[in-house]
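Coordinate inspection notes
Each chain, written out:
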Amino acid sequence: MEVTIVGAGLVGCLLACFLARRGHRVVLYERRHDPRERGADRGRSINLAISERGIDALRRLGLDGRVLDAALPMAGRMMHSPGGALAFQPYSADRAQAINSISRAELNRELLTAATALHGVEVRFGHRLTGVDERAGRLAFESTAPDGTSGAVTVDKAQVVIGADGAYSAVRARLQQLPGMNFSQDYLDYGYKELSIPARHGEFAMDPGALHIWPRGRSMMIALPNPDRSFTCTLFWPHDTLAALDTPGKIRAYFAEHYQDAFELMPDLVGAFQGNPVGQLVTVRCSPWHVTTEATTIGLVGDAAHAIVPFYGQGANCGFEDCVELDRYLDEAGDDFPRALELFERRKTDTDVIARLALENFVEMRDRVGSRMFLAGKRVEHA
Ligand code: FAD
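What comes next concerns the included structure. Owing to the predicted nature of the structure, the values given are computational and were not obtained by experimental measurement.

1. A look at the sheet that holds strand 3 (residues 47-50)
- Taken in spatial order, the three strands of this open sheet run 3-7-4, and their pairing is antiparallel. The outermost strands of the open sheet, each flanked by one partner alone, are strand 3 and strand 4 (72-74). Across this sheet, the average inter-strand angle for adjacent strands is 35 degrees, counted without regard to direction.
- The pairing of strand 3 with strand 7 (residues 99-103) spans four bridges and is antiparallel. Bridging from a neighbouring strand, L48 pairs with I102 of strand 7.

As structure tokens, then:
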């Protein structure tokens, strides 16, 4: 069977590996050019915490070793008080049970390399899906060559189409127009912005074995370590706070007051704050995740099916688990895709729960961890 996957992000690439292992031919269409030939977008490097749910999926394909080699283990969370006091909270009594910091771009490159090394997998970069005709099994793409010239590409007779094109999925946008499709999209009144703590004298400026959190009640900052000994920091702030810091003086004064220890480690604070974009935080719920006509079967996976806010560190992990589950249902259905995608809908109960937990954990991370550790007087200085 030939399977068309729209989106060669994290989940599209991993799913291609699972399907190729089953003997299917897979063509991935990706709107970007090959990210292995370009760097990450400025201010959107995004570090992920990959945990057992995602590692399990990688392990099934023998990809866990190479991914973990590019990652840094974080055995617990390190809370920073406004005055700079530290408190470490291990995730587990067993320090080996860590979550793993990896850049999303690096993980994507690893998975692209793994997918394209497999027999039967092809990636067509510079192809943005612009239209889906489910009655004819036809897909329309706008193609852009690396030199900027563009054209139109049509794919006829696509028998199986999987939308792995992220939270703002074009595949899902078409399914939403069909009768019986339920859809909701909820934005938080918060945005996120990336900053950076560079290496200091060639070394990490803070403990690289922890996920750092500056809980500040209504808002927070987190920082995850990178192999180059820098940290990627992410602010999760109400939009009005982000907008209020509109001069270098206000930015410096705010950080000096609320993030004192980090402020001293951020030489490019003002440039990064003013230059980096504000990202949106959205939860997407929809059902069903698939539609079958006489010409084609179309399904959704990953963020296209269930985008969640990042506070439980589970978006990519859940998308990877989607691949394991779909693979299992293909086993059960004898590679009958319409049937397997129908069975895959059972997973929605689980993804709805993780979406709720992710929202609840925002309050836990930005507020409760801080009040427990600092206000209740249970501060533990980290060695
Ligand atoms: P995406 O990664 O969005 O990939 C979609 C792909 O489809 C992209 O390559 C895109 O270019 C392509 N595409 C889009 N539209 C089209 C089109 N029309 N035609 C062709 N191609 C198209 N998850 C975790 O597990 N742990 C974390 O710690 C974590 N932290 C996060 C922190 C932040 C700040 C954010 C924003 C997210 C975080 N996530 C985390 C979530 C994680 O990034 C997503 O869940 C994951 O990237 C989803 O993978 P995906 O492949 O479904 O979608």
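2. Quick notes on the packing of helix 11 (residues 315-332) against helix 12 (residues 337-344)
- Contact geometry for helix 11 and helix 12: axes closest at 8 Å, N-to-C directions at 130 degrees. Classified by the interaxial angle, the pair formed by helix 11 and helix 12 is oblique. As helix 11 packs across helix 12, the resulting crossing turns out to be right-handed. Counted together, E325, L326, Y329, L330 and E332 of helix 11 and A340, L343 and F344 of helix 12 form the full contact between these two elements.
- Among the residues making up the contact of helix 11 with helix 12, the classes are represented as six nonpolar, no polar and two charged.

3. Observations regarding the site of the ligand
- With respect to spatial proximity, 34 residues lie near the ligand, and among them G7, G9, G166, G302 and G315 are the closest.
- Counting only elements with at least two residues in the shell around the ligand, the list comes to helix 1 (10-21), strand 3, strand 9 (127-133), helix 10 (303-306) and helix 11.
- Here the residues of the shell around the ligand are counted per class, giving 15 nonpolar, twelve polar and seven charged.

4. Details of the pairing of strand 6 (residues 86-90)
- Where strand 5 (residues 76-80) and strand 6 come together, five bridges link them in antiparallel fashion. Within strand 6, the position partnered with R77 by the bridge is Q89.
- From the end of strand 5 to the start of strand 6, which pair antiparallel, there are five residues, and G84 there has a positive phi angle of about 100 degrees.

Conventions we followed
- Residues numbered from 1 in each chain as written.
- Predicted model: local features only at pLDDT ≥ 70, side-chain atom pairs only at ≥ 80, totals over all residues.
- Pairing = 2+ DSSP bridges.
- Helix = DSSP H or I, 4+ residues; strand = E, 2+ residues; numbered from the N terminus.
- Axes fitted to C-alpha atoms, helices over the stretch in contact; angles between N-to-C directions.
- Parallel < 35°, antiparallel > 145°, perpendicular 65-115°, else oblique.
- Left-handed = near helix turned anticlockwise from the far one by under 90°.
- Contact = placed C-beta atoms within 7 Å.
- Nonpolar A, V, L, I, M, F, W, Y, C, P; charged D, E, K, R; others polar.
- Near = placed C-beta within 6 Å.

Don't take any of this as a statement about function, it's just geometry.
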